[in-house]
Amino acid sequence: MATGPSPLPPTFILNSKSISQSAAHDFLAAYIDLAATDPAYQPNAGISEHGPVSRTTAAAPNLTIHNLKRVKAGLAGEVLGRDLALAKLEEGDAQQQQQVGANGDWEDAKKFQEGENGDAVQDENDAQGPMEVDDVEQDAGALDKEERKRKKKERRLAEKRAKAKAETQAEE
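Residues numbered from 1 in each chain as written. Predicted model: local features only at pLDDT ≥ 70, side-chain atom pairs only at ≥ 80, totals over all residues. Heavy atoms only, no water.

A. Spotlight on the overall build of the chain. Counting secondary structure elements, the chain contains 5 helices and 2 strands. The linear arrangement of helices and strands in the chain, starting from the amino end, is α-β-β-α-α-α-α. Residues counted as buried form 7% of the 172 residues belonging to the chain. Considering only contacts in the chain between residues 6 or more positions apart, those separated by 24 or more positions represent 31%. Element-wise, carbon and sulfur atoms account for 54% of the exposed surface of the chain, whose accessible area totals about 15900 Å². (Helix = DSSP H or I, 4+ residues; strand = E, 2+ residues; numbered from the N terminus. Buried < 20%, exposed > 50% of the residue type's maximum accessible area, 1.4 Å probe, protein only. Contact = heavy atoms within 4.5 Å. Areas by Shrake-Rupley, 256 points an atom, 1.4 Å probe, with all protein chains shown as cover.)

B. The packing of aromatic side chains, seen in detail. What the rule picks out here adds up to 1 aromatic pair. Summarising the aromatic geometry, the rings of Y31 and Y41 are spaced 6.1 Å apart at their centres and angled 85 degrees between planes, so their arrangement reads as edge-to-face. Placement of the pair is Y31 in helix α1 (residues 21-37) and Y41 in the loop between α1 and β1 (46-48), with a sequence separation of 10 residues. Taking the relative accessible area as the measure of exposure, Y41 reaches 35% and is therefore partly exposed. (Phe/Tyr/Trp six-rings, centres within 6.5 Å; stacked < 30°, edge-to-face > 60°.)

C. Inspection of helix α2 (residues 63-75) at higher detail. Given a rise of 1.5 Å per residue, 13 residues ought to cover 18 Å, and the 18 Å separating the end C-alpha atoms of α2 matches this to within 8%. G77, located one to two residues past α2, shows a positive phi value of around 95 degrees. (Expected span 1.5 Å × (residues − 1).)

Given below as structure tokens:
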């Protein structure tokens, strides 16, 4: 009979009580100070022959400790920079607020659609059909295109010559 991993024992929380923000701040500050000095308090610590070892480096900081420092700063009343997740939510709110009227109320859908239709009618009246382009402007555009093509060919030839010259010098 194959046996798999044994399940974790059940966890019972006997009681819980709320603490004040200042007490939570003090408790969190003490934990963060201990985590800075003792790797046993770091969430990503590993166990070696000599005891707990921190896996945190300058290139890969501990994200959990970083977030706990942000929580500690929030408990202290500091206003931190924008969080990326909140920035995305705020962008969505900004798009919704584009539909909000000047007085803060939602615009009536019929009025909004009438405004769009009125603009569309005005745009149709303003349209004059295709614009006429002078022959001189068309020729100038064609010359510019031909000039660009010629310069590009010259650049490529110069690059090929330089590459060939570098290879012959490397062989010598």
